[in-house]
Amino acid sequence: MRLKHLEMKLQRLKGFPAPRPVLEQYATPADVAARLLYHASTEGAIGGRRVLDLGCGTGVLACGAALLGAGEVVGIDLDLGALQAARSNADDLEVDLDLVRGQVGTTFPIRPDTFETVVMNPPFGAQKKHADRPFIDCALMAAPVVYGIFNAGSLDFVEKYVEGRGEVTGAVEGSFAIPRTFAFHRKDRMEIPVEILRIERTEGC
Ligand code: SAH
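Analysis parameters
The residue count restarts for each chain, going from 1 along the sequence in the order it is written. Since the coordinates come from a predicted model, pLDDT governs what is reported: local features require at least 70, and pairs of side-chain atoms require 80 or more to be given and counted, while whole-chain, interface and lining totals use all residues. As a rule here, side-chain values come from all non-hydrogen atoms in the structure, and water together with hydrogens is ignored. Going along the chain from the N terminus, every DSSP run of H or I of four or more residues is numbered as a helix, and every run of E of two or more is numbered as a strand. Definition of a polar contact: a pair of N or O atoms within 3.5 Å, with one able to donate and the other able to accept a hydrogen when the atoms are protein atoms, and with sequence-neighbouring residues admitted only if both atoms are side-chain atoms. In what follows, a contact means two residues having at least one pair of non-hydrogen atoms within 4.5 Å. DSSP bridges decide pairing: two strands pair if at least two such bridges lie between them. With axes taken as lines fitted to C-alpha atoms, and helix axes fitted only over the stretch in contact, angles between N-to-C directions fall between 0 and 180 degrees. In this text, near means that some heavy atom of the residue lies within 4 Å of the molecule or strand in question. Accessible areas in this description were obtained via Shrake-Rupley with a 1.4 Å probe; residue shielding takes into account the shown protein chains only. Residues enter a nonpolar core if they are buried and are Ala, Val, Leu, Ile, Met, Phe, Trp, Tyr or Cys, with the set joined through side-chain atoms within 4.5 Å. Only protein chains enter the accessibility calculation, which uses a 1.4 Å probe; a residue whose area is less than 20% of its type maximum is buried, one above 50% is exposed, and one in between is partly exposed.

Participant: When you look at unusual backbone geometry in this model, what are you seeing that I'm missing?
Facilitator: What you tend to see is this: most non-glycine residues have negative phi, and most peptide bonds are trans. The residue Glu24 is not glycine, and still its phi comes out positive at about 50 degrees. Its identity as a non-glycine residue notwithstanding, Glu94 has a phi of 55 degrees, on the positive side. Positionally, Glu94 belongs in the loop between helix 4 (80-93) and strand 3 (98-101).

Rendered as structure tokens:
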């Protein structure tokens, strides 16, 4: 499937029914999701792979991974409404997802190395400081390769944070177009610069 075609399919998916600011519930824009997935796919990380979408929300990344031929896709989120939206999106696209309710950062229903690839758009930590850290920890535990979306300028932090456990082996710049979602948003539309980072676990960790 071509990049543009994937983007068009993801564009049609439903957003969060009742977005919760404290959980930073912003659906990943279709263009950024498609770019991450396509990039991962060309690197052999999606087709036929066991893929985990951490903080799957409405399932944009999970659905896209399934469309690109992932062998198995699991999405995890703590919010039931988000998981219902993800289920409905997967049904609309006729893709198969396993959706699990779980809270990253607590005792977690995942065994180490159950997956080959993690894709994620974690909370950036705008509402709750360092909310992205348990996502990085959990991702590196779950799979040897992680593709994550972070605030632009996070590269140095992520490199330091994973030191000794992993390495950032790829970075692609992007931009998140976010429509006015919460009361504290002042503009009708915001552009948030982001970076898509590929993190590889250090062998033996
Ligand atoms: N990639 C998704 C959602 C991104 S927003 C999409 O495109 O729709 C971040 C998601 O992380 C939200 O769905 C939120 O509910 C979830 N989340 C936040 N903290 C979490 C935690 N500790 N454990 C599991 N999910 C969490």
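Participant: Quick question: what am I supposed to make of the side chain of Asp79 here?
Facilitator: Its location among the elements puts Asp79 in the loop between strand 2 (72-77) and helix 4. At 3.2 Å, the side chain of Asp79 forms a polar contact with the side chain of Gln25. At 3.1 Å, the side chain of Asp79 forms a polar contact with the backbone nitrogen of Ala82. The contact partners of Asp79, leaving out residues within four places of it in the chain, are Arg20, Leu23 and Gln25.

Participant: I'm lost on the sheet that holds strand 7 (residues 189-201) in this one. Help?
Facilitator: Pairing between sheet strands relies on hydrogen bonds along the backbone, with the strands arranged either parallel or antiparallel. Read from one edge of the open sheet, 7 strands run 3-2-1-4-5-7-6, paired in mixed fashion. In the strand order of this sheet, the two ends are held by strand 3 and strand 6 (166-179), each with one partner. Strand-to-strand, the axes of this sheet are offset by a mean angle of 20 degrees, without reference to chain direction. For strand 4 (residues 117-120) and strand 5 (residues 145-151), the ladder comprises 4 bridges, and the chain directions are parallel. Residue pairing in the sheet places Val119 in a bridge with Tyr147 of strand 5. Across the sheet, helix 2 (residues 30-42) is in contact with strand 4, strand 5, strand 6 and strand 7; its angle to strand 6 comes to roughly 155 degrees.

Participant: Which parts of the structure should I look at to understand the site of the ligand?
Facilitator: Residues in contact with the ligand amount to 21 residues; listed here are only the nearest, Gln25, Thr28, Thr58, Asp77 and Val104. Take Thr28: an N or O atom from its side chain is 2.5 Å from an oxygen atom of the ligand. Interatomic distance of 3.4 Å between a backbone N/O atom of Leu78 and a nitrogen atom of the ligand. For the ligand, whose unbound accessible area comes to 570 Å², protein coverage reaches 96%.

Participant: Got a minute to help me understand the nonpolar core in this structure?
Facilitator: In summary, soluble globular proteins display a tendency toward joint burial of nonpolar side chains. Counting 37 residues, the largest nonpolar core has Leu10, Leu37 and Ile46 as the members making the most contacts within it. Broken down by secondary-structure element, the contributors of at least two residues to this core are helix 1 (3-11), helix 2, helix 3 (60-67), helix 4, strand 5, strand 6 and strand 7. Beyond its immediate sequence surroundings of up to four residues, Ile46 is in contact with Leu37, Ala40, Ser41, Val51, Ala65, Leu68, Gly69, Ala70, Gly71 and Val119. Grouped together as the second largest cluster of nonpolar side chains are 23 residues, Leu54, Val74, Ile76 and Phe135 included.

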